[in-house]
Amino acid sequence: MPKVSIARHKHSGFTLVELLVVITIIGILAGITLSVINYNVHLGNSRNTKRRLELHTISIAIYQYATDTGQLPVSIPDTETEICKSDGIANCAGLVDLTVLTANTKYLISMPVDPKSESQDGTGYSIYRTPADRVTVTAPLAENGIVITVTR
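Cut-offs applied
- Residues numbered from 1 in each chain as written.
- Predicted model: local features only at pLDDT ≥ 70, side-chain atom pairs only at ≥ 80, totals over all residues.
- Heavy atoms only, no water.
- UniProt positions renumbered as here; feature names shortened; annotations may be inferred.
- Salt bridge = Lys/Arg side-chain N within 4 Å of Asp/Glu carboxyl O.
- Helix = DSSP H or I, 4+ residues; strand = E, 2+ residues; numbered from the N terminus.
- Buried < 20%, exposed > 50% of the residue type's maximum accessible area, 1.4 Å probe, protein only.
- Patch = residues over 30% accessible without salt bridge, like charges linked within 9 Å, V, L, I, M, F, W, Y side chains within 5 Å.
- Areas by Shrake-Rupley, 256 points an atom, 1.4 Å probe, with all protein chains shown as cover.
- Pairing = 2+ DSSP bridges.
- Axes fitted to C-alpha atoms, helices over the stretch in contact; angles between N-to-C directions.

Labelled according to an unreviewed UniProt entry, the protein appears under the name Type II secretion system protein, originating from candidate division WWE3 bacterium. Taken directly from UniProt, the Subcellular location (unreviewed entry) text for the protein runs: "Membrane".

Student: Hey, could you go over the pattern of salt bridges for me, with residue numbers and the actual values?
Tutor: Applying the stated rule across the entire model yields six salt bridges. Among the salt bridges present, the one from Glu54 reaches Lys50, with a minimum N-O distance of 2.4 Å. Here Lys50 and Glu54 lie together in helix α1 (residues 16-69), a separation of four residues that amounts to about one turn. Classification of Glu54 by relative accessible area gives buried; the value is 13%. Since its relative accessible area comes to 38%, Lys50 is described here as partly exposed. In this structure, Asp114 and Arg51 form a salt bridge, with 2.6 Å as the shortest nitrogen-oxygen distance. With Asp114 in the loop between α2 (99-102) and β2 (122-129) and Arg51 in helix α1, this residue pair connects regions lying 63 residues apart in the sequence. Both residues of the pair, Asp114 and Arg51, count as buried.

Student: Residues and numbers for a nonpolar patch on the surface, please.
Tutor: A contiguous nonpolar surface patch, about 640 Å² in accessible area, is contributed by Val17, Val21, Ile25, Ile28, Leu29, Ile32 and Val36. Relative to the elements of secondary structure, Val17 occurs in helix α1. Classification of Val17 by relative accessible area gives exposed; the value is 59%.

Student: Describe the UniProt feature "transmembrane region" (unreviewed entry) in the protein, listing the residues and the values that go with them.
Tutor: Feature annotation in UniProt assigns "transmembrane region" (unreviewed entry) to the following positions: residues 20-41. In residues 20-41, the share of helix is 100% and the share of strand is 0%. The end C-alpha atoms are 31 Å apart.

Student: Could you give an account of the sheet that holds strand β4 (residues 149-151), naming the residues involved and the relevant values?
Tutor: With antiparallel pairing, four strands are arranged side by side in an open sheet as β1-β2-β3-β4. Here the strands that pair on one side only, and so sit at the sheet edges, are β1 (81-84) and β4. Pairwise comparison of adjacent strand axes, ignoring direction, gives a mean angle of 30° for this sheet. Two strands pair when backbone bridges link them, and β2 and strand β3 (residues 135-138) are joined in this way by four bridges, in the antiparallel orientation. Directly across from Arg129, in β3, lies its bridge partner Val135.

Spelled out as structure tokens, the structure:
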């Protein structure tokens, strides 16, 4: 009898189990990536909340000073300028010196500093007087595309 050979075709490809394992791994990696991205957004939002509170604190201290003295601090300029730390150590040259607010801790114990400020002498917050003699305090380092200003 002659030998009959049966050709066997090998099918190359992935099994269902292999595909499911790969899809599961991709899903886990995507979840980790999204949680890291969300974490940074939430962290930025919490720092922005701190900035809002600190801008209000500075603004309230300025107007408490104005109520007591009958005038705004004379060091507030007409152009937006960074506020000095006013801690007695900082060099306030080129910055707005609001030591009148921290002197004797009557209005502020210390000048608030932006959470991401890397300035040695500045707070990371800016201030200026508007033409209508109102004061605007800003947080130029605000995150997540947010603009934070307080005008009183």
